[in-house]
Amino acid sequence: MRKLITVTALMCLFLANSQGQHVNKVFETAFTKYTVSTKTCTRIVHFSGSLIFIPENAFALSPENAVDSVDLYYREIRSPLDMIVHDIPMVFSLAGQQVYLESNGMFEIWGKSKEDTIVVHEDKSIEVRLAMSQAQSDRRMEGYRFDPSKNLWTSYTNRLRNSRIDIDDALW
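Conventions and cut-offs
Residues numbered from 1 in each chain as written. Predicted model: local features only at pLDDT ≥ 70, side-chain atom pairs only at ≥ 80, totals over all residues. Heavy atoms only, no water. Salt bridge = Lys/Arg side-chain N within 4 Å of Asp/Glu carboxyl O. Pairing = 2+ DSSP bridges. Helix = DSSP H or I, 4+ residues; strand = E, 2+ residues; numbered from the N terminus. Axes fitted to C-alpha atoms, helices over the stretch in contact; angles between N-to-C directions. Polar contact = N/O pair within 3.5 Å; in protein donor to acceptor, adjacent residues only side chain to side chain. Contact = heavy atoms within 4.5 Å. Core = buried A, V, L, I, M, F, W, Y, C linked by side-chain atoms within 4.5 Å. Buried < 20%, exposed > 50% of the residue type's maximum accessible area, 1.4 Å probe, protein only. Phe/Tyr/Trp six-rings, centres within 6.5 Å; stacked < 30°, edge-to-face > 60°.

Asker: Explain the pattern of salt bridges to me, using residue names and the numbers behind them.
Answerer: If charged atoms from side chains of opposite charge come close, those side chains can pair. For the structure on display, the rule yields 6 salt bridges. Close ionic contact of lysine 112 with glutamate 115 constitutes a salt bridge, the shortest N to O distance being 3.8 Å. Here arginine 129 and glutamate 127 are joined by a salt bridge, their closest N and O atoms 2.6 Å apart.

Here it is in structure tokens:
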């Protein structure tokens, strides 16, 4: 009951603000910055327990322009309140029908080298193992990738792999 009252109060506060912007900033999930070398394989353990694996030479400013080190920015969105605060649309088009997505959690990751945004080489991929309890994990879980330029979710399920982080915490 206490959670319901707290969430209701937060929603009222959010909705009462005609702009919504300064209230959103208070509740936004901050990015964690990681500086990594691109010359070696890197394993990052986020404070949530999630694991990020980065292969060597994974990043470039453009496909032909490699960099030596990058700043990665990572955050996790875990609750429906987080999704509201970050204005994440949870609607997906399936066979011409609008359906609402349900989330066990999501993450956002991007990087920079100095002031330039970086890209991941076509033949490389970053693996993120989002930490979640066994009760949250479901073998039928599906993955989606959000394209902010199109404001659209696309299926990413064939890239998902359920693994237990406490047992399977190595990539290399």
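Asker: Describe the sheet that holds strand β3 (residues 51-54), listing the residues and the values that go with them.
Answerer: Pairing within the open sheet is antiparallel, and its 3 strands lie in the order β2-β3-β12. The two strands at the open ends of the sheet, each matched to only one other strand, are β2 (42-45) and β12 (127-129). Here the strands of the sheet are splayed against their neighbours by 15° on average, with no regard to which way each runs. Of the strand pairs in this sheet, β3 and β12 are connected by 3 bridges, and their pairing is antiparallel. By the bridge assignment, leucine 51 is partnered in β12 with arginine 129.

Asker: An account of the side chain of aspartate 71 is needed here, citing residue identities and associated values.
Answerer: Looking at the element boundaries, aspartate 71 is found in strand β6 (residues 69-77). Side-chain polar atoms of aspartate 71 contact the side chain of threonine 35, separated by 2.6 Å. Beyond its immediate stretch of four places on either side in the chain, aspartate 71 contacts Lys33, Tyr34, Thr35, Trp110, Gly111 and Lys112.

Asker: Give a description of the nonpolar core that names residues and reports values.
Answerer: Val36, Ile44, Ile54, Phe59, Val70 and Leu72 are the most contacted members of the largest nonpolar core, which totals 14 residues. Put simply, the parts of the chain that give this core at least two residues each are β1 (32-37), β3 and β6. The leading source of residues in this core is β6, at 3 residues. Each residue touching valine 36, except ones within four places of it in the same chain, is listed here: Thr42, Ile44, Ile54, Asp68, Ser69, Val70 and Leu72. If you look at the next biggest cluster of nonpolar residues, it comprises 8 residues, including Ile77, Met83, Ile88 and Trp153.

Asker: So what's going on with the packing of aromatic side chains? Which residues, and what values?
Answerer: Evaluation of the coordinates by the stated rule reveals 5 aromatic pairs. Note on phenylalanine 92 and tyrosine 144: the rings are 4.7 Å apart at their centroids and 65° apart in plane angle, and the pair reads as edge-to-face. You can see phenylalanine 92 sitting in strand β7 (residues 91-94) and its partner tyrosine 144 sitting in strand β13 (residues 144-147), a full 52 residues away along the chain. By relative accessible area, which is 26% here, tyrosine 144 ends up partly exposed.

Asker: Got a sec to walk through the sheet that holds β6? Specific residues and values, please.
Answerer: With antiparallel pairing, 4 strands are arranged side by side in an open sheet as β1-β6-β9-β10. Both edges of this open sheet fall to β1 and β10 (116-117), since each of them pairs with a single strand only. Both strand β9 (residues 106-113) and β10 contribute to a ladder of 2 bridges, which runs antiparallel. Paired with lysine 112 across the strands is threonine 117, a residue of β10.

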